[in-house]
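Each chain, written out:
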Amino acid sequence: MGLDQTYIRFVCFEVVERQRNRLGVFQAMDLAEQSEIAEDWALKELAALDRWFTTHLARPDFFVSGGDRYRNRRAKAANQSGLSWFKPGAAEHIRRMHRLKAALEACGIHVDILTTRDPGRIIWQDAHQIVAEPGGRRF
């Protein structure tokens, strides 16, 4: 796997003590359910997409690498060092992530789409995604 591929990541922001922190879109689903402006169609879409991703997207359980920890994106780990990126060939997953983005935004949660050719040191991968330690880079 070389640097000739462009990886894609979907992220949100959460404000904690007046600081903006990146939040994974799957974690943002909990915020969407609590949103006062959430539309019914969006909540139904989020539930359907959550079921689809639960079935069709692997969630690595745990990595220890150089003392750093990675937990799956639904865990709330303080020392999360690995970031999940979709491989460019994961067309169906990426298409559904765009639907997830639209539903979250209908609930007032903005989603950014990041791309990179250098996500860092890959510590796990499957057919659709990689998990990489970003090193000094911030995504």
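Refer to the structure printed above.
Report follows, based on the coordinates.

Reading the values: rules and limits
Residues numbered from 1 in each chain as written. Predicted model: local features only at pLDDT ≥ 70, side-chain atom pairs only at ≥ 80, totals over all residues. Heavy atoms only, no water. Helix = DSSP H or I, 4+ residues; strand = E, 2+ residues; numbered from the N terminus. Expected span 1.5 Å × (residues − 1). Buried < 20%, exposed > 50% of the residue type's maximum accessible area, 1.4 Å probe, protein only. Pairing = 2+ DSSP bridges. Salt bridge = Lys/Arg side-chain N within 4 Å of Asp/Glu carboxyl O. Axes fitted to C-alpha atoms, helices over the stretch in contact; angles between N-to-C directions. Parallel < 35°, antiparallel > 145°, perpendicular 65-115°, else oblique. Left-handed = near helix turned anticlockwise from the far one by under 90°. Contact = heavy atoms within 4.5 Å. Nonpolar A, V, L, I, M, F, W, Y, C, P; charged D, E, K, R; others polar.

**What about helix 3 (residues 91-106)?**
Taking 1.5 Å of rise per residue, the 16 residues of helix 3 would be expected to cover 22 Å, and the 23 Å separating its terminal C-alpha atoms lies within 8% of that figure. All buried positions along helix 3 are accounted for by His93, Ile94, Arg96, Met97, Leu100, Lys101, Ala103, Leu104 and Ala106. Where helix 3 terminates, the next one or two residues include Gly108, which has phi positive at roughly 85 degrees.

**Here we look at the pairing of strand 8 (residues 129-133)**
Burial within strand 8 is extensive, with five of its five residues counted as buried. Neither face of strand 8 is left uncovered, since the one carrying Gln129, Val131 and Glu133 and the one carrying Ile130 and Ala132 both have all their residues buried. When strand 5 (residues 83-86) meets strand 8, the two strands line up antiparallel, connected through four bridges. Bridged to Trp85 within strand 8 is Ile130.

**Some points on the pattern of salt bridges**
Once their charged atoms are close, side chains differing in charge can pair, the charge on each being opposite to the other. In the structure shown here, the tally under the stated rule is five salt bridges. A salt bridge links Arg95 to Glu92; its shortest N-O distance comes to 2.7 Å. Of this pair, Arg95 and Glu92 both sit in helix 3, separated by three residues, roughly a single helical turn. With a relative accessible area of 41%, Arg95 lands in the partly exposed category. Through salt bridges with shared partners, one network takes in Glu92, Arg95 and Arg96.

**Remarks on the packing of helix 1 (residues 25-34) against helix 2 (residues 40-56)**
Where helix 1 contacts helix 2, the axes come no closer than 11 Å and their chain directions differ by 155 degrees. Comparing the axis directions of helix 1 and helix 2 gives the class roughly antiparallel. Like other packed secondary-structure pairs, helix 1 and helix 2 cross with a definite hand, here left-handed. In this structure, helix 1 contributes Phe26, Met29, Ala32 and Glu33 to the contact, and helix 2 contributes Leu43, Leu46, Asp50 and Phe53. Looking at the contact of helix 1 with helix 2 residue by residue, the classes come out as six nonpolar, no polar and two charged.

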